[in-house]
Amino acid sequence: MDLGLKSKEECTFDAVSLGEVMLRLDPGEGRIKTARSFRAWEGGGEYNVIRGLRRCFGMKTAVLTAFADNEVGKLMEDFILQGGVDTSLIKWMKTDGIGRVCRNGINFTERGFGIRGALGCSDRANTAISKATAADFDFEYIFGELGVRWLHTGGIYAALSETSSETVIEAIKTAKKYGTIVSYDLNYRPSMWSAIGGQEKAQEVNKEIAKYVDVMIGNEEDFTACLGFEVEGNDANLKELNLDGYKKMINEAAKTYPNFKVVATTLRTVKTATVNDWSAICWADGEIYKAAQYDGLEIMDRVGGGDSFASGLVYGLMTTGDPEKAVNYGAAHGALAMTTPGDTTMASLKEVEGIMSGAGARVKR
């Protein structure tokens, strides 16, 4: 399929993301409430995608975000630099000593095990990026002069504040003006929308954003909560998946928003926190393609699995133009990313393509 992707030669960046990057504090195998030490990582729904595009797939990427200009902000920058993502577009905001003006977000995340599900506890109110407006980023310069082939953003950032959704729309409109392909992950988080109008507000915002999106991504809950589409006949706890229901939902979304070039959703059957069945489907050019099925996938850390699916999907679309290959890149990359700790991928392109071709888990020496 032809997405109308701009050439590498006319663009500084293959892809950029717009969203919040937080400091993730991880108690490892323990619990947040009883931990005495934490491992530090960086992570964020939108950022994880372009981090994967850089680190696993070798593309040139940059992050559009904002940090409070203090030592924690510098720590976040250092994490991002270690991942190879360009930091030149970050907005640095002056702050006072205690975060009244603005601060940097923190996300405590425990992985879950067996019958105990993963648990996140965010501390992200009043952050620099939640206070940023479109005026804090020169979108005309970024998309018009520097040149960007692909913009990725999502519903987590759109829910951060009253102004963040406006910033998303301005960024997307400017990107479209200069021929940049736009992907958006609905990523519905009830706790984030509750303070600014709940699910009703989520639908109002996301239905407006959807009018400008080329590649729409999300799971069942996302499409229902954000856009009003439902999978009929699905088990409430996702113990059983109705594939025909998913296909019908995606077709309805594509019909409602004719600007969608690709619609993709992950398929996850939750057996335990550490064993899931995993796959994905995507719609393109009127056809629906299903990825390989990973039954009984053993999970170390499920956080970021959907983001890694998105980066694999984007890579596949950008490099092959084949939606069937793209959804398989996404499913394989997401599966691999959930076998390692942290929000971001530790996989390589060779490993992803090995999984896609049926490679097993025998030791490699």
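As shown above, the structure is provided for reference.
Everything quoted here is computed from the prediction, not taken from an experiment.

## A short note on the pattern of salt bridges
- Here the structure, examined in full by the defined rule, presents 21 salt bridges.
- Of the charged contacts, one joins Lys271 and Asp277 as a salt bridge, the two residues approaching to 3.4 Å between their closest N and O atoms.
- Through salt bridges with shared partners, a single network forms among Arg24, Asp26, Arg111, Asp301 and Asp343.

## Some words on the nonpolar core
- Val16, Leu151, Ile209, Met216, Phe223 and Leu227 are the most contacted members of the largest nonpolar core, which has 60 residues in total.
- Dropping the residues within four chain positions of it, Val16 is found in contact with Ile50, Ala62, Leu64, Leu89, Phe143, Val148, Trp150, Leu151 and His152.
- Judged by nonpolar contacts, the second largest core, of 50 residues, contains Cys56, Met59, Ala284 and Leu317.

## Describing the packing of helix H4 (residues 139-146) against helix H6 (residues 164-177)
- It is the contact of H4 with H6, at a shortest axis distance of 9 Å, that shows an interaxial angle of 25°. Here H6 runs roughly parallel to H4, going by the angle between their axes. Regarding H4 and H6, the two cross each other, and that crossing is right-handed. Residues Phe139, Glu140 and Phe143 of H4 pack against Thr167, Glu170, Ala171, Thr174, Ala175 and Lys177 of H6.
- Looking at the contact of H4 with H6, its residues break down into 4 nonpolar, 2 polar and 3 charged.

## Focus: the sheet that holds strand E3 (residues 39-43)
- The 4 strands are arranged E3-E2-E7-E8 in an open sheet whose pairing can be described as mixed. Strands with a single pairing partner mark the edges of an open sheet, and in this sheet they are E3 and strand E8 (119-123). Looking at each pair of strands side by side, their axes are set apart by 25° on average, direction ignored.
- Looking at chain direction, strand E7 (residues 106-110) and E8 are connected through 5 bridges and run antiparallel. Residue Thr109 lies in a different strand from E8, and its bridge partner there is Gly120.

## With respect to the packing of aromatic side chains
- If you walk through the whole model with that rule in mind, you get 8 aromatic pairs.
- Where Phe38 meets Phe108, the ring centres are 5.5 Å apart and the plane angle is 75°; that geometry is what we call edge-to-face. Residue Phe38 is found in the loop between strand E2 (22-26) and E3, and its partner Phe108 is found in strand E7; the two are separated by 70 residues along the sequence.
- With a centroid separation of 5.2 Å and 80° between ring planes, the pair formed by Tyr315 and Tyr329 is classed as edge-to-face. Taken together, the residues span a long stretch of sequence, with Tyr315 in helix H11 (residues 305-320) and Tyr329 in helix H12 (residues 323-337) at a distance of 14 residues. The same class applies to Tyr315 and to Tyr329, which are both buried.
- The rings of Phe57, Tyr315 and Tyr329 are connected pair by pair, giving a single aromatic cluster.

## Quick notes on helix H9 (residues 220-227)
- When you tally the buried positions in H9, you get 6 out of 8 residues, the bulk of the element.
- Glu220, Asp222, Phe223, Ala225, Cys226 and Leu227 are the residues of H9 that are buried.
- Contacts made by the buried residues of H9 are with strand E10 (181-185), helix H8 (198-209), strand E11 (215-217), helix H10 (243-256) and strand E12 (262-272).
- If you check the start of H9, you find a side-chain oxygen 3.1 Å away from the backbone N of Glu221, and it comes from Asn219.
- Positive phi shows up at Gly228, right after H9, with a value of about 85°.

## Some points on unusual backbone geometry
- If you check the backbone angles, Asn126 has positive phi at about 70° while not being a glycine.
- By secondary structure assignment, the location of Asn126 is in the loop between E8 and helix H3 (128-131).
- Phi angles above zero are rare outside glycine, and Asn187 is one such case at about 40°.
- Structurally, Asn187 is set in the loop between E10 and helix H7 (190-193).
- For Asn187, a relative accessible area of 10% corresponds to the buried category.

What counts, and where the lines are drawn
Residues numbered from 1 in each chain as written. Predicted model: local features only at pLDDT ≥ 70, side-chain atom pairs only at ≥ 80, totals over all residues. Heavy atoms only, no water. Salt bridge = Lys/Arg side-chain N within 4 Å of Asp/Glu carboxyl O. Core = buried A, V, L, I, M, F, W, Y, C linked by side-chain atoms within 4.5 Å. Buried < 20%, exposed > 50% of the residue type's maximum accessible area, 1.4 Å probe, protein only. Contact = heavy atoms within 4.5 Å. Axes fitted to C-alpha atoms, helices over the stretch in contact; angles between N-to-C directions. Helix = DSSP H or I, 4+ residues; strand = E, 2+ residues; numbered from the N terminus. Parallel < 35°, antiparallel > 145°, perpendicular 65-115°, else oblique. Left-handed = near helix turned anticlockwise from the far one by under 90°. Nonpolar A, V, L, I, M, F, W, Y, C, P; charged D, E, K, R; others polar. Pairing = 2+ DSSP bridges. Phe/Tyr/Trp six-rings, centres within 6.5 Å; stacked < 30°, edge-to-face > 60°. Polar contact = N/O pair within 3.5 Å; in protein donor to acceptor, adjacent residues only side chain to side chain.

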